[in-house]
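Below are the chains, spelled out letter by letter.
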Amino acid sequence: MAEPMILDGNDVSKRIKDKLALQVAALEQKGVRPCLATILVGDDPASATYVRMKGNACKRLGIESKKIELPKETTTKELLAVIRELNNDSSVHGILLQHPVPSQIDERAAFDEIAIEKDVDGVTTLGFAQNAFGFAHYPSCTPAAILAILDHYQLPIEGKHAVVVGRSPILGKPVSQMLLNRNATVTICHSRTENVSDFVEKADIVVAAVGKPNFIQGEWIKSGAVVLDAGYNKGNIGDCEYDGCAQRASAITPVPGGVGPVTISMLLKHTVEAAERSV
């Protein structure tokens, strides 16, 4: 088997950002600066790091980053009030509530309080439904990144059998819908699926989104399959056993440097597009 094509997320991300820079400059000519508001509840260090990374990415592109930090004791009612305030702020174009929130908060209620026109992270129930029907402006960012990588490298989707391992409402489920809308045949596996390997070994496209390090084994991969690893576990380890999967795959995303950088770029893209729609 020849060496697989490495699906370089940093390259895809750069191309997206280069185009966004032109869009941001055009908006500035109209007196509009795209603004992403990020809400961080509590003091989880990993969440704080993610918020800081997103804020830095915004600033590099000329997008305003408005950071709201709330104490870990915040109630659902208090959080909803903050979100409503941001919904009513015309200078804010996108709202991101960092996941996870403290256990006393009704996370679904908080997500669904975000106005659909500002749901740039694709977390609302309405946004999920629009994505299922194929007309969401802002699908969840990691699924959008996976589709962007496939399109960038001109990897065919139509007619292919895609196996998605994972069913989270912001990754496994929406990416399955997006692939289905692009005429793939989609199988969804999850933690309760028996003999997952039996499904994966039949896949033309494998999306690993299960949140378990090295879960997808190299011997499961069909020769010539395309592997997209959306996992990011402690120690920069993906959900796929990389070396083994790379021996069989025709194309594969590395971890880090694969899906992750494109995910952040899609968040920026959605924020800029929301600003354009506000003009």
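Refer to the structure above for everything that follows.
Conventions used here
Residues numbered from 1 in each chain as written. Predicted model: local features only at pLDDT ≥ 70, side-chain atom pairs only at ≥ 80, totals over all residues. Heavy atoms only, no water. Phe/Tyr/Trp six-rings, centres within 6.5 Å; stacked < 30°, edge-to-face > 60°. Buried < 20%, exposed > 50% of the residue type's maximum accessible area, 1.4 Å probe, protein only. Helix = DSSP H or I, 4+ residues; strand = E, 2+ residues; numbered from the N terminus. Expected span 1.5 Å × (residues − 1). Contact = heavy atoms within 4.5 Å. Pairing = 2+ DSSP bridges. Right-handed = clockwise from strand over helix to strand, strands pointing away. Polar contact = N/O pair within 3.5 Å; in protein donor to acceptor, adjacent residues only side chain to side chain. Patch = residues over 30% accessible without salt bridge, like charges linked within 9 Å, V, L, I, M, F, W, Y side chains within 5 Å. Areas by Shrake-Rupley, 256 points an atom, 1.4 Å probe, with all protein chains shown as cover. Salt bridge = Lys/Arg side-chain N within 4 Å of Asp/Glu carboxyl O. Axes fitted to C-alpha atoms, helices over the stretch in contact; angles between N-to-C directions. Parallel < 35°, antiparallel > 145°, perpendicular 65-115°, else oblique. Left-handed = near helix turned anticlockwise from the far one by under 90°. Nonpolar A, V, L, I, M, F, W, Y, C, P; charged D, E, K, R; others polar.

K.L.:
Where do I start with the packing of aromatic side chains in this structure?
P.N.:
Here a ring pair, both rings aromatic, is described through the centre-centre distance and the interplanar angle of the planes. According to the stated counting rule, one finds 2 aromatic pairs in the structure shown. Judged by centre distance (6.5 Å) and plane angle (35 degrees), the ring pair of Phe-133 and Phe-135 falls under tilted. Phe-133 sits in the exposed class, given a relative accessible area of 68%. Centre to centre, the rings of Phe-215 and Trp-220 are 5.7 Å apart; their planes meet at 85 degrees, and the pair counts as edge-to-face. By relative accessible area, Phe-215 is classed as partly exposed at 24%.

K.L.:
Looking at this model, I keep getting lost on helix 6 (residues 141-152). Mind explaining?
P.N.:
Every α-helix winds through 3.6 residues per turn, so residues three or four apart in the chain are directed the same way. Relative to the 16 Å expected for 12 residues at 1.5 Å per residue, helix 6 spans 16 Å between its end C-alpha atoms, a close match to the ideal helical length. Most of helix 6 is tucked away: 10 of the 12 residues are buried. Within helix 6 the residues assigned to the buried category are Cys-141, Thr-142, Pro-143, Ala-144, Ala-145, Ile-146, Leu-147, Ala-148, Ile-149 and Leu-150. If you follow the buried residues of helix 6, they end up packed against helix 1 (9-29), helix 7 (172-181), strand 7 (205-208), strand 8 (226-229) and helix 10 (259-278). Two residues or fewer past helix 6, Gln-154 is found with a positive phi of approximately 55 degrees.

K.L.:
Which parts of the structure should I look at to understand the pairing of strand 3 (residues 64-70)?
P.N.:
Moving residue by residue along a regular strand, the side chains alternate between the two faces of the sheet. Both strand 2 (residues 35-41) and strand 3 contribute to a ladder of 7 bridges, which runs parallel. Opposite Ile-39, over in strand 3, you have Ile-68 as the bridge partner. In this fold, strand 2 hands off to helix 2 (residues 45-61), which returns the chain to strand 3; that crossover is right-handed.

K.L.:
What am I meant to see in the side chain of Asn-233 here?
P.N.:
With respect to the helices and strands, Asn-233 occurs in the loop between strand 8 and helix 9 (242-248). The exposure class assigned to Asn-233 is buried, which follows from its relative accessible area of 12%. Within the structure, the side chain of Asn-233 is placed 3.3 Å from the backbone oxygen of Gly-238, a separation counted as a polar contact. Those residues in contact with Asn-233 that lie beyond four places of it in its chain are Gly-211, Lys-212, Pro-213, Gly-238 and Asp-239.

K.L.:
Can you walk me through a nonpolar patch on the surface in this structure?
P.N.:
Nonpolar side chains collect at one region of the surface, where Tyr-50, Met-53 and Tyr-232 lie side by side and expose about 310 Å² of accessible area between them. Structurally, Tyr-232 can be placed in the loop between strand 8 and helix 9.

K.L.:
Got a minute to help me understand the environment of Tyr-50 in this structure?
P.N.:
Of note, Tyr-50 is situated in helix 2. Beyond its immediate stretch of four places on either side in the chain, Tyr-50 contacts Gln-98 and Tyr-232.

K.L.:
When you look at the packing of helix 1 against helix 10 in this model, what are you seeing that I'm missing?
P.N.:
A packed helix pair is summarised by two numbers, namely the angle formed by the two axes and the spacing between the axes. Following both chains from N to C, one finds helix 1 and helix 10 inclined at 20 degrees, their axes separated by 9 Å at the closest point. Classified by the angle their axes make, helix 1 and helix 10 are roughly parallel. The element helix 1 and its partner helix 10 pack so that their crossing is left-handed. Side by side, helix 1 and helix 10 meet where Gly-9, Asn-10, Val-12, Ser-13, Ile-16, Lys-17, Leu-20, Gln-23, Val-24 and Leu-27 of the first sit next to Pro-261, Val-262, Ser-265, Met-266, Leu-268, Lys-269, Val-272, Ala-275 and Glu-276 of the second. The residue makeup of the contact of helix 1 with helix 10, split by class, is 11 nonpolar, 5 polar and 3 charged.

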